[in-house]
Amino acid sequence: MHLLPTNEQVQIVDTVAAFLSNLAPVERLRPDKHGQIGNPDASLWPQLGELGFLGLGLAEDDGGIGLGAVEEALVFREYGRNLVSTEIFGITLGAHLAAESNLNTASEIVAGNIRVGIANPRGAITSENGLSASFHLMEAGEAELIVVLTPDGPHLLPASAFEDGEDCPGMDSHNLLHRATLRNARPLSSAASSNAHRSRALLLSAAYASGLSKAALDMAVDYAKMREQFGKVIGSFQAVKHKCADMAIAAEVASCQVDFASVVVAENRPDALYHATAAKLVAVDAALKNGATNIQVHGAIGFTAETDAHVYLKRAHTIDVLGGDLRKTRASMMGQAAPA
Amino acid sequence: MSASGDMSSGYSFNIHGPPAWADNFCDCLETSLMNLDFSPEDEAFRAEARDWLHDNVPREERPPSDDGMRAFDLAWQKLQYDGGWAGVSWPEEYGGRGLGLTRQLIWYEEYARAGAPNAELLFVGCNHAAPTIMTWGTDEQKQYHLPRILKGEVAWCQGFSEPNNGSDLGGLRCRAVVDGDHLVVNGSKIWTSSAHLADWQELLVRTDTVAPKHKGISWVICDMNTPGIELRPILIMTAPGHHHFNQVFYNNVRIPLSNVVGPLNEGWKVAMSTLGFERGTASMSEQIRYNVVVEKLVEMARERFGASALEHDEIGARLAQLRAESAAVRAMTYSIASRAAGGQPPGSEASLMRAFFSQLQQRIRRIALDVIGEDALELPDTNDPWIRPYLRSYSNTIAAGTSEIQRNIIGERVLGLPR
């Protein structure tokens, strides 16, 4: 039993963190004076692909690196910290689905050459003759493929299967949103091991949310050390200090459960779904709470678009609803048996 | 949770790392990859532990207080000692088995699974006094006290908090003056859990009134039968007549200087290593036990409301979050154990976990009342797994450093915010 990352894993994290701080600093999301819609990360995919990050968990035969869920989760935490476009979920989950179904596209996806958006259901899905439902498409403007995140797990479909697409302004203004519909659409991927894909989807959402919670904590603490009122930095007041401590606790809880779940998922243990579900519950809770507290610690400036505080909160709401929000995830948790 | 009701706290956290003896406990890791595998030897140990617990866990209920509780806890400790389970990770020279932290963790997991009693009267001896004496004690102190603690021959209590020094522990005033080869103690301690059932006390006294407040304290072994010690019982809020706390008065109490642990006037440093230990691995068994408590509540709620209601009701949503949070506490425990097994001192994650766990325990105890419903107004005479523990849970965010002190420690030591 061992839960600390190896030197090699630390290296992977350091490399991706350095890459993102150079090419995708959070400041890239500052709106210009006209406001900004969408996420400018498409140019990252071929570079991340070349470095091997998009195929970390895929077998070498499928164009991947041959590592597993542990490394994927570690890297998704960094994606969360940097608010990397949610297309990263489409790419990663889509590559796994394509590889498992022996679609030739897997290696092209992990090379960053095929765009993969995501679709999140608005309400109920019927799956009698293929999938039918109304969806929010995310980061799907130029997507060739779409990963549909249903409560039962992800499925891969061609973007052309979606009908009635219409623009839809998004609350998370850096996450490009459309509405669209599926009618009796057949997934490209087989659903042979949907629980494994479902666990991975939950785990990666949790890892991303854990990164959001840590980034919001770091931002709040930095500000509390610098901002002065009444002649002292505000972090010396217990009212602010204790808020920061609560953020640190939430981020640590999320991070530990994500680590634990990533090992359970990587080892394909019977309790993988349970621990991935638990990870999403604590990590999204942390991301939402820390996103909100970060704004409060900043005071009025936190309420403006001139700092990045709001983007962590908004992205936390986006991650919350992916594949089922906290309410639905809690219901799913109560439908599961506790691990032996 | 600490069985100690002592509400004292240090402002420092873990400034000295783990006790030196912890080094001896470190596992040699077979692999450095993240994994949840236990070796075949570990699994054999687990099976052995499970069998032994199955055959030996006391079937009778633990008496709720006083002499019956003392006899019960000491007998259970002796039974574990005789079976070779009392000090899984204690060094062999002190009567333990000298196994690693992983085995200790496995023992706690099986202990929780078997529903073995929480013999909290022994907590201070096993988890405070013993590690402190192992780290700082003389050979004579070690040889006398450690086997008696492990064999369940004695109970210890803690003498840290004072009527005017709770969170501000460093300002303690209970005075001890050197007189020949003795210390003479005058003053008072308070919130002393089970002092009326204890043979020994770990006692913090002020031995230098001139030095800065943290430089004039000594950590002393006090025999509770020494003339001049008087107790005032303090009833607690869990049930009518529940005598748990005491105020302890010292009137010219003579303690041999040979009972000072660590150097005279270095007691603050000695005490902090003990508190650091409590905030690290000592509460592992409790952390693991709460997964079992949550599942009992889920079971009760299923019976009362029906399985499908749990997927829709507010109480189901709360239970789901508690399941996730208990799972996370186990993950945090594993993470801390991995760090310790790799020879790294318990760091900031231990204080984060303690602060989280104490509040989680309260949420878990609180929801029990909603699961039980109206009958929660009844206080059962015996077999009360929910009402007294619920009321008792209010101490979780006070004992061994209030939640507010914990947040100060996290803010200052972990996040680097100014005082």
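Our subject is the structure listed above.
Residues numbered from 1 in each chain as written. Chains lettered and ligands numbered in written order. Predicted model: local features only at pLDDT ≥ 70, side-chain atom pairs only at ≥ 80, totals over all residues. Heavy atoms only, no water.

1. Describing the sheet that holds strand β3 (residues 145–150) of chain A
Pairing between the strands of a sheet comes from backbone hydrogen bonds, and it takes one of two forms, parallel or antiparallel.
All names here are of chain A.
Here is step 1 of the chain: The mixed open sheet is built from six strands, whose spatial order is β4-β3-β1-β2-β6-β5. The open sheet is flanked by β4 (153–158) and β5 (163–167), the only strands paired with a single partner. On average, adjacent strands in this sheet sit at an angle of 30° to one another, irrespective of strand direction.
Here is step 2 of the chain: Relative to strand β2 (residues 131–138), strand β1 (residues 116–121) is paired through four bridges, and the arrangement is antiparallel. Counted as the bridge partner of asparagine 120 is histidine 136 from β2. (Pairing = 2+ DSSP bridges. Helix = DSSP H or I, 4+ residues; strand = E, 2+ residues; numbered from the N terminus. Axes fitted to C-alpha atoms, helices over the stretch in contact; angles between N-to-C directions.)

2. Quick look at the packing of helix α4 (residues 87–100) of chain A against helix α6 (residues 194–226) of chain A
Residue and element names in this part refer to chain A.
Here is step 1 of the chain: The geometry of α4 relative to α6 is characterised by a closest axis approach of 11 Å and an angle of 160° between their N-to-C directions. Considering the angle they form, α4 stands roughly antiparallel to α6. Between α4 and α6 lies a crossing whose hand is right-handed. Counting all contacts with α4, which are made through Ile88, Phe89, Thr92, Leu93, His96, Leu97 and Glu100, the residues of α6 involved are His197, Arg200, Ala201, Leu204, Ser205 and Tyr208. (Parallel < 35°, antiparallel > 145°, perpendicular 65-115°, else oblique. Left-handed = near helix turned anticlockwise from the far one by under 90°. Contact = heavy atoms within 4.5 Å.)

3. Regarding the side chain of serine 132 of chain A
All names here are of chain A.
Here is step 1 of the chain: Inspection of the secondary structure puts serine 132 in strand β2.
Here is step 2 of the chain: A relative accessible area of 17% means that serine 132 is categorised as buried.
Here is step 3 of the chain: From its side chain, serine 132 meets the backbone nitrogen of asparagine 184 in a polar contact 2.8 Å long.
Here is step 4 of the chain: Excluding its chain neighbours within four sequence positions, the residues that come into contact with serine 132 are Ala124, Ile125, Thr126, Leu182, Arg183 and Asn184. (Buried < 20%, exposed > 50% of the residue type's maximum accessible area, 1.4 Å probe, protein only. Polar contact = N/O pair within 3.5 Å; in protein donor to acceptor, adjacent residues only side chain to side chain.)

4. Topic: the interface of chain B and chain A
Here is step 1 of the chain: In this complex, chain B contributes 50 residues to the contact, which on the side of chain A involves 49 residues.
Here is step 2 of the chain: Summed over both partners, the interface of chain B with chain A comes to about 4,400 Å²; 67% of that surface belongs to carbon and sulfur atoms.
Here is step 3 of the chain: Seen at the junction of chain B and chain A, the total is three salt bridges.
Here is step 4 of the chain: The shortest N-O distance in the salt bridge between glutamate 412 of chain B and lysine 241 of chain A comes to 2.6 Å.
Here is step 5 of the chain: For the interface between chain B and chain A, the tally reads 18 residue pairs in polar contact (both at pLDDT 80 or more).
Here is step 6 of the chain: Per-element tally for the side of chain B that touches chain A: the top contributor is helix α10 (residues 314–341) of chain B, with 18 residues. (Buried area = accessible area lost by both parts, 1.4 Å probe. Salt bridge = Lys/Arg side-chain N within 4 Å of Asp/Glu carboxyl O.)

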